[in-house]
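Take a look at the letters that make up each chain.
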Amino acid sequence: TQLLEQSPQFLSIQEGENLTVYCNSSSVFSSLQWYRQEPGEGPVLLVTVVTGGEVKKLKRLTFQFGDARKDSSLHITAAQPGDTGLYLCAGGPGSARQLTFGSGTQLTVLP
Amino acid sequence: GAVVSQHPSWVICKSGTSVKIECRSLDFQATTMFWYRQFPKQSLMLMATSNEGSKATYEQGVEKDKFLINHASLTLSTLTVTSAHPEDSSFYICSASGPGPDSYEQYFGPGTRLTVT
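Thresholds applied
Residues numbered from 1 in each chain as written. Chains lettered and ligands numbered in written order. Predicted model: local features only at pLDDT ≥ 70, side-chain atom pairs only at ≥ 80, totals over all residues. Heavy atoms only, no water. Helix = DSSP H or I, 4+ residues; strand = E, 2+ residues; numbered from the N terminus. Rg over C-alpha atoms; globule rule 2.2 N^0.38 Å. Buried < 20%, exposed > 50% of the residue type's maximum accessible area, 1.4 Å probe, protein only. Contact = heavy atoms within 4.5 Å. Areas by Shrake-Rupley, 256 points an atom, 1.4 Å probe, with all protein chains shown as cover. Lys, Arg positive; Asp, Glu negative; His and termini not counted. Charge placed at Lys NZ, Arg CZ, Asp CG, Glu CD. Salt bridge = Lys/Arg side-chain N within 4 Å of Asp/Glu carboxyl O. Pairing = 2+ DSSP bridges. Axes fitted to C-alpha atoms, helices over the stretch in contact; angles between N-to-C directions. Core = buried A, V, L, I, M, F, W, Y, C linked by side-chain atoms within 4.5 Å. Buried area = accessible area lost by both parts, 1.4 Å probe. Polar contact = N/O pair within 3.5 Å; in protein donor to acceptor, adjacent residues only side chain to side chain.

Would you mind going over the overall build of chain B with me for this structure?
On a plain count of helices and strands, chain B comes out with zero helices and 11 strands. Listing every helix and strand of chain B by position from the N terminus yields β-β-β-β-β-β-β-β-β-β-β. Against the globule reference of 13 Å for 117 residues, chain B gives a C-alpha radius of gyration of 13 Å, in line with a compact fold. Structurally, chain B occupies a C-alpha span of about 45 × 25 × 20 Å along its principal axes. Looking at the 117 residues of chain B, the share that counts as buried comes to 51%. The long-range share in chain B, meaning contacts at least 24 apart out of those at least 6 apart in sequence, stands at 55%. Of the roughly 5600 Å² of accessible surface on chain B, 53% is carried by carbon and sulfur atoms. Taking the 9 positively charged and 10 negatively charged side chains of chain B as two groups, their mean positions are separated by 9 Å.

Printed below as a string of C-alpha coordinates:
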(Lines give C-alpha, C1' and ligand atoms only; values in the text may rest on other atoms or scores of the structure.)
Protein backbone atom coordinates (compact mmCIF):
# COMPACT_ATOMS: atom_id res chain seq x y z
CA THR A 1 0.00 0.00 0.00
CA GLN A 2 1.36 3.37 -1.00
CA LEU A 3 1.24 6.04 1.69
CA LEU A 4 1.94 9.75 1.54
CA GLU A 5 2.76 11.59 4.74
CA GLN A 6 2.39 15.33 4.85
CA SER A 7 3.96 17.62 7.39
CA PRO A 8 3.13 19.68 9.19
CA GLN A 9 -0.47 18.68 9.70
CA PHE A 10 -1.44 22.16 10.88
CA LEU A 11 0.33 25.45 10.29
CA SER A 12 -0.69 28.91 11.45
CA ILE A 13 1.49 31.82 10.38
CA GLN A 14 1.40 35.59 10.02
CA GLU A 15 0.94 37.31 6.70
CA GLY A 16 4.27 37.87 4.98
CA GLU A 17 6.01 34.81 6.40
CA ASN A 18 7.42 31.98 4.32
CA LEU A 19 6.53 28.32 4.78
CA THR A 20 7.26 24.88 3.41
CA VAL A 21 4.99 21.85 3.35
CA TYR A 22 6.46 18.40 2.86
CA CYS A 23 5.03 15.30 1.25
CA ASN A 24 6.99 12.09 1.79
CA SER A 25 6.64 8.46 0.84
CA SER A 26 8.66 5.28 0.68
CA SER A 27 7.09 4.57 -2.70
CA VAL A 28 8.00 5.93 -6.10
CA PHE A 29 5.31 7.84 -7.96
CA SER A 30 5.21 8.53 -11.67
CA SER A 31 3.58 11.89 -11.00
CA LEU A 32 2.62 14.04 -8.08
CA GLN A 33 -0.09 16.63 -7.85
CA TRP A 34 -0.70 19.41 -5.34
CA TYR A 35 -4.23 20.59 -4.62
CA ARG A 36 -5.67 23.36 -2.46
CA GLN A 37 -9.09 23.01 -0.93
CA GLU A 38 -11.16 25.69 0.74
CA PRO A 39 -13.96 24.90 3.21
CA GLY A 40 -17.08 23.54 1.56
CA GLU A 41 -15.45 23.24 -1.85
CA GLY A 42 -13.69 20.59 -3.87
CA PRO A 43 -9.89 20.49 -4.22
CA VAL A 44 -8.41 22.62 -6.98
CA LEU A 45 -5.38 21.35 -8.88
CA LEU A 46 -2.38 23.66 -8.45
CA VAL A 47 0.38 21.79 -10.22
CA THR A 48 1.55 18.42 -11.54
CA VAL A 49 5.19 17.35 -11.44
CA VAL A 50 6.38 14.28 -13.30
CA THR A 51 10.18 14.42 -13.56
CA GLY A 52 12.54 13.70 -10.66
CA GLY A 53 14.15 16.95 -9.52
CA GLU A 54 11.56 19.05 -11.31
CA VAL A 55 10.80 22.51 -9.94
CA LYS A 56 7.70 24.45 -10.90
CA LYS A 57 6.72 27.93 -9.85
CA LEU A 58 3.25 29.36 -9.65
CA LYS A 59 3.53 33.01 -8.59
CA ARG A 60 4.61 32.82 -4.90
CA LEU A 61 4.35 29.02 -4.80
CA THR A 62 7.31 26.80 -5.62
CA PHE A 63 6.85 23.05 -6.04
CA GLN A 64 9.65 20.52 -6.14
CA PHE A 65 9.63 16.81 -6.94
CA GLY A 66 12.37 14.79 -5.30
CA ASP A 67 15.09 13.26 -7.45
CA ALA A 68 13.87 9.76 -6.57
CA ARG A 69 10.21 10.74 -7.10
CA LYS A 70 9.33 9.70 -3.58
CA ASP A 71 8.84 13.11 -2.05
CA SER A 72 7.78 16.64 -2.85
CA SER A 73 7.67 20.04 -1.23
CA LEU A 74 5.58 23.16 -1.56
CA HIS A 75 7.15 26.47 -0.57
CA ILE A 76 5.09 29.63 -0.23
CA THR A 77 6.83 32.97 -0.14
CA ALA A 78 5.27 35.96 1.63
CA ALA A 79 2.08 34.13 2.54
CA GLN A 80 -1.20 35.97 2.28
CA PRO A 81 -4.57 35.32 3.96
CA GLY A 82 -5.88 34.14 0.59
CA ASP A 83 -3.43 31.22 0.79
CA THR A 84 -5.41 29.79 3.71
CA GLY A 85 -6.75 26.33 2.98
CA LEU A 86 -6.14 22.59 3.09
CA TYR A 87 -3.17 21.61 0.94
CA LEU A 88 -3.16 18.05 -0.37
CA CYS A 89 -0.46 16.21 -2.24
CA ALA A 90 -1.44 13.22 -4.33
CA GLY A 91 0.76 10.66 -6.03
CA GLY A 92 -0.12 8.39 -8.86
CA PRO A 93 -1.41 7.03 -10.92
CA GLY A 94 -2.01 3.72 -9.34
CA SER A 95 -4.11 0.96 -10.77
CA ALA A 96 -7.27 2.25 -12.44
CA ARG A 97 -5.70 5.74 -12.44
CA GLN A 98 -6.21 6.13 -8.71
CA LEU A 99 -4.33 8.78 -6.78
CA THR A 100 -2.90 8.28 -3.33
CA PHE A 101 -3.68 11.36 -1.27
CA GLY A 102 -1.52 12.71 1.48
CA SER A 103 -2.86 13.36 4.95
CA GLY A 104 -3.22 17.08 4.26
CA THR A 105 -1.81 20.30 5.69
CA GLN A 106 -4.24 22.84 7.06
CA LEU A 107 -2.69 26.28 6.53
CA THR A 108 -4.00 29.42 8.20
CA VAL A 109 -2.47 32.76 7.30
CA LEU A 110 -3.36 35.48 9.77
CA PRO A 111 -3.61 39.11 8.63
CA GLY B 1 -11.26 23.63 -19.22
CA ALA B 2 -11.65 20.49 -17.10
CA VAL B 3 -14.73 21.59 -15.19
CA VAL B 4 -16.64 19.13 -13.05
CA SER B 5 -20.01 19.91 -11.52
CA GLN B 6 -21.93 18.23 -8.74
CA HIS B 7 -25.58 18.41 -7.88
CA PRO B 8 -26.95 19.07 -5.38
CA SER B 9 -24.39 21.12 -3.48
CA TRP B 10 -26.13 20.25 -0.24
CA VAL B 11 -29.00 18.02 0.77
CA ILE B 12 -30.84 17.21 3.98
CA CYS B 13 -32.78 13.96 4.12
CA LYS B 14 -34.54 11.85 6.69
CA SER B 15 -33.10 8.62 7.97
CA GLY B 16 -34.14 5.67 5.82
CA THR B 17 -34.54 7.59 2.58
CA SER B 18 -32.24 7.50 -0.46
CA VAL B 19 -30.30 10.37 -1.96
CA LYS B 20 -28.79 10.65 -5.44
CA ILE B 21 -25.78 12.84 -6.16
CA GLU B 22 -24.81 13.65 -9.75
CA CYS B 23 -21.32 14.32 -11.04
CA ARG B 24 -20.81 15.74 -14.51
CA SER B 25 -17.73 16.57 -16.55
CA LEU B 26 -18.79 19.67 -18.45
CA ASP B 27 -16.09 20.15 -21.06
CA PHE B 28 -14.31 16.83 -21.41
CA GLN B 29 -15.08 13.14 -21.57
CA ALA B 30 -14.30 11.43 -18.32
CA THR B 31 -13.03 7.94 -18.85
CA THR B 32 -12.84 7.38 -15.13
CA MET B 33 -14.69 8.99 -12.26
CA PHE B 34 -13.96 8.70 -8.59
CA TRP B 35 -16.09 9.19 -5.50
CA TYR B 36 -14.59 10.38 -2.24
CA ARG B 37 -15.84 11.02 1.24
CA GLN B 38 -14.28 13.66 3.44
CA PHE B 39 -14.62 14.40 7.14
CA PRO B 40 -13.88 17.87 8.55
CA LYS B 41 -10.23 18.93 8.43
CA GLN B 42 -9.24 15.55 7.00
CA SER B 43 -7.97 14.30 3.68
CA LEU B 44 -10.02 12.56 1.03
CA MET B 45 -11.07 8.95 1.45
CA LEU B 46 -11.59 7.11 -1.82
CA MET B 47 -14.87 5.21 -1.87
CA ALA B 48 -14.99 3.83 -5.39
CA THR B 49 -13.69 4.10 -8.92
CA SER B 50 -15.98 3.86 -11.91
CA ASN B 51 -15.41 3.54 -15.61
CA GLU B 52 -18.06 4.33 -18.17
CA GLY B 53 -20.19 1.33 -18.96
CA SER B 54 -18.75 -0.99 -16.34
CA LYS B 55 -19.33 -1.76 -12.68
CA ALA B 56 -17.66 0.40 -10.10
CA THR B 57 -14.74 -0.87 -8.06
CA TYR B 58 -15.28 -0.24 -4.37
CA GLU B 59 -12.60 0.28 -1.76
CA GLN B 60 -12.36 -2.09 1.14
CA GLY B 61 -14.95 -1.35 3.77
CA VAL B 62 -17.33 0.53 1.46
CA GLU B 63 -20.70 -1.18 1.14
CA LYS B 64 -21.55 -1.48 -2.55
CA ASP B 65 -25.22 -2.12 -1.81
CA LYS B 66 -25.43 1.05 0.21
CA PHE B 67 -23.47 3.35 -2.08
CA LEU B 68 -24.72 2.64 -5.59
CA ILE B 69 -22.61 4.08 -8.37
CA ASN B 70 -23.69 4.37 -11.98
CA HIS B 71 -21.39 5.69 -14.72
CA ALA B 72 -23.85 5.72 -17.57
CA SER B 73 -21.98 8.02 -19.94
CA LEU B 74 -18.59 9.64 -20.42
CA THR B 75 -19.88 12.80 -18.76
CA LEU B 76 -22.11 11.57 -15.95
CA SER B 77 -21.69 9.46 -12.86
CA THR B 78 -24.17 9.18 -10.02
CA LEU B 79 -23.82 8.11 -6.39
CA THR B 80 -26.95 6.97 -4.60
CA VAL B 81 -26.84 6.65 -0.85
CA THR B 82 -29.54 4.12 -0.04
CA SER B 83 -31.36 3.90 3.27
CA ALA B 84 -29.34 6.78 4.61
CA HIS B 85 -28.48 6.98 8.29
CA PRO B 86 -27.06 9.85 10.35
CA GLU B 87 -23.59 8.28 10.20
CA ASP B 88 -23.68 8.71 6.41
CA SER B 89 -23.69 12.48 6.91
CA SER B 90 -20.54 13.77 5.28
CA PHE B 91 -19.02 15.77 2.44
CA TYR B 92 -19.04 13.72 -0.77
CA ILE B 93 -16.76 14.76 -3.63
CA CYS B 94 -16.42 13.35 -7.11
CA SER B 95 -13.53 13.71 -9.50
CA ALA B 96 -12.96 12.86 -13.12
CA SER B 97 -9.99 12.03 -15.27
CA GLY B 98 -9.99 12.11 -19.02
CA PRO B 99 -8.55 9.96 -21.74
CA GLY B 100 -5.86 12.41 -22.79
CA PRO B 101 -2.12 12.52 -22.03
CA ASP B 102 -2.80 14.18 -18.68
CA SER B 103 -5.22 11.47 -17.68
CA TYR B 104 -3.44 10.96 -14.35
CA GLU B 105 -4.78 14.32 -13.21
CA GLN B 106 -8.10 14.40 -11.46
CA TYR B 107 -10.47 17.33 -11.58
CA PHE B 108 -12.83 17.69 -8.68
CA GLY B 109 -16.41 18.73 -8.34
CA PRO B 110 -17.40 21.27 -5.69
CA GLY B 111 -18.71 18.59 -3.36
CA THR B 112 -22.08 17.72 -1.85
CA ARG B 113 -22.81 18.17 1.83
CA LEU B 114 -25.18 15.41 2.95
CA THR B 115 -26.96 15.70 6.28
CA VAL B 116 -29.14 12.82 7.42
CA THR B 117 -31.56 13.64 10.23
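What follows picks up the thread again.
Whenever I open this one, the pattern of salt bridges confuses me. Can you help?
Two side chains with opposite charge may pair up if their charged atoms get near one another. In total, this model carries four salt bridges over all chains according to the counting rule given. Measuring nitrogen to oxygen at the nearest pair gives 2.9 Å for the salt bridge that ties A:Arg60 to A:Asp83. Residue A:Arg60 is found in the loop between β6 (55-58) and β7 (61-65), and its partner A:Asp83 is found in the loop between β8 (71-76) and β9 (85-92); the two are separated by 23 residues along the sequence. We classify A:Arg60 as partly exposed; its relative accessible area is 24%. A relative accessible area of 4% means that A:Asp83 is categorised as buried. The partner of B:Glu22 in a salt bridge is B:Arg24, with the nearest N and O atoms 3.4 Å apart. Exposure remark for B:Arg24: the relative accessible area of 34% places this residue in the partly exposed category.

I tried to follow the environment of B:Lys20 on my own but got confused; where do I start?
All names here are of chain B. Summarising the element assignment, Lys20 is placed in strand β3 (residues 19-25). You can call Lys20 exposed: its relative accessible area is 53%. Residues Lys20 and Ile69, 49 residues apart in the sequence, show an inter-C-alpha distance of 9.5 Å. Those residues in contact with Lys20 that lie beyond four places of it in its chain are His7, Pro8, Thr78, Leu79 and Thr80.

Is there a simple way to think about the sheet that holds strand β1 (residues 4-7) of chain B in this case?
Backbone-to-backbone hydrogen bonds join strands into a sheet, with any given pair of strands oriented parallel or antiparallel. Residues and elements named next belong to chain B. One open sheet accounts for four strands, arranged β1-β3-β8-β7; its pairing is antiparallel. Every interior strand has two partners, whereas the edge strands, β1 and β7 (67-73), have only one. When the angles between neighbouring strand axes are averaged without regard to direction, this sheet yields 15°. Relative to strand β8 (residues 76-81), β7 runs antiparallel, the two sharing five bridges. If you follow Leu68 over to β8, its bridge partner there is Thr80.

It is not clear to me how the nonpolar core should be interpreted in this structure. Could you clarify?
Membership of the largest hydrophobic core comes to 25 residues, with the highest contact counts inside it found for B:Trp35, B:Tyr58, B:Phe67, B:Ile69, B:Leu79, B:Tyr92 and B:Leu114. Apart from the residues within four sequence positions on either side, B:Tyr58 is in contact with B:Met47, B:Ala48, B:Lys64, B:Phe67, B:Leu68 and B:Ile69. Grouped together as the second largest cluster of nonpolar side chains are 21 residues, A:Leu4, A:Ile13, A:Phe63 and A:Tyr87 included.

How should the interface of chain B and chain A be read in this particular structure?
Interface size, as often reported, equals the accessible area lost upon joining of the parts. Between chain B and chain A, the residue contacts involve 25 residues of the former and 22 residues of the latter. Each partner contributes to the roughly 1700 Å² buried at the junction of chain B and chain A, and carbon and sulfur atoms together form 57% of this total. Linking chain B with chain A are zero salt bridges. Counting the contacts that link chain B with chain A gives six residue pairs in polar contact (both at pLDDT 80 or more). Put simply, the parts of the chain that give the side of chain B that touches chain A at least two residues each are β4 (32-38), β5 (44-51), β9 (90-97) and β10 (107-108) of chain B.

Got a minute to help me understand unusual backbone geometry in this structure?
Trans peptide bonds make up most of the peptide bonds, and negative phi angles are found at most residues other than glycine. The amide bond that connects A:Ser7 to the next residue, A:Pro8, takes the cis arrangement and shows omega of -5°. Cis geometry marks the peptide bond from B:His7 to B:Pro8, where omega comes out at 0°. Structurally, B:Pro8 can be placed in the loop between β1 and β2 (10-13). Within the chain, A:Ala78 stands out as a residue other than glycine whose phi angle is a positive 50°.

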